[in-house]
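# Breakdown of the fold
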Amino acid sequence: MRWIDSRVELLEPIDAPAILQKIEKACRTCYQSLDLIQEGSAERLIKSCINRGHESILEHANITYRVICDRGVLAEWTRHRIASYSVESTRYCNYNKNKFGNELTFIYPYWYKDIADINKFKLIDELSEDKQQKLQWWSLINCSCQDAEIHYRMLIEEGAAPDVARAILPNCLKTEIVCTMNIRLSLIHISEPTRH
């Protein structure tokens, strides 16, 4: 069993000048003003359009990235975001295989950083109530994940296919998502998740 942090990586470089030119051409099609394209005109036009609420022009450019998160975040994210997703499949992936290190991998809870640096030899009474509570949660979650890994392994060894054994996997199981979405959705929904 292994615990890791969630992370995001861009899968292709962003060519900002090319993106700006593409968006400008799309936008100027609306106004039939392609003849006004000149050095620096893209940025001015795009800023003006955004200020007026004409954000649909941003949908002509896409970005693709890999997200490593837990299954719970996957469910929330893909439910509320319009994009193209390719997701690690618990139906086909057998975590008892060497390519997975013969183990399950889990994502640390977002609050784990609050207790990660606690000295194991420190008395629990010396900790704040908040940290004591989080340590208790962590103990329960970690034990539950250990049990899930043991039972997953047993099911696979008994001949169950991964799509049967996955029934006992917890939401904090690590998953990978490759996501492609247009820049408008990326900027609005990913950078400001509290809007919804």
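Refer to the structure printed above.
A few words now on the pattern of salt bridges. Enumeration according to the criterion identifies eight salt bridges in this entry. A salt bridge links Glu-176 to Arg-66, with the shortest nitrogen-to-oxygen separation between them at 3.1 Å. With Glu-176 in strand 6 (residues 174-182) and Arg-66 in strand 3 (residues 62-70), this pair connects stretches of sequence that are 110 residues apart. The class for Glu-176 is partly exposed, based on a relative accessible area of 26%. Assessed through its relative accessible area of 25%, Arg-66 is described here as partly exposed. Taken together, the shared-partner salt bridges in this structure form one network comprising Glu-9, Arg-66, Glu-88, Lys-174 and Glu-176.

Read from one edge of the open sheet, four strands run 2-3-6-4, paired in antiparallel fashion. Two strands close off the open sheet at either side, each with one partner strand: strand 2 (7-10) and strand 4 (84-87). Neighbour to neighbour, the strand axes of the sheet diverge by 20° on average, direction disregarded. Relative to strand 3, strand 2 runs antiparallel, the two sharing four bridges. In the strand pairing of strand 3, Val-8 is matched with Val-67.

Turning to the nonpolar core, a few remarks are in order. Counting 21 residues, the largest nonpolar core has Ile-23, Ile-57, Tyr-65 and Ile-177 as the members making the most contacts within it. With residues up to four places along the chain from it excluded, the contact list for Ile-177 reads Tyr-65, Arg-66, Val-67, Cys-69, Leu-74, Trp-77, Tyr-85, Ser-86 and Val-87. One finds Phe-100, Trp-138, Tyr-152 and Ala-165 within the second-largest nonpolar core, a separate group that totals 19 residues.

Here is what the cut-offs are and how they apply
Residues numbered from 1 in each chain as written. Predicted model: local features only at pLDDT ≥ 70, side-chain atom pairs only at ≥ 80, totals over all residues. Heavy atoms only, no water. Salt bridge = Lys/Arg side-chain N within 4 Å of Asp/Glu carboxyl O. Helix = DSSP H or I, 4+ residues; strand = E, 2+ residues; numbered from the N terminus. Buried < 20%, exposed > 50% of the residue type's maximum accessible area, 1.4 Å probe, protein only. Pairing = 2+ DSSP bridges. Axes fitted to C-alpha atoms, helices over the stretch in contact; angles between N-to-C directions. Core = buried A, V, L, I, M, F, W, Y, C linked by side-chain atoms within 4.5 Å. Contact = heavy atoms within 4.5 Å.

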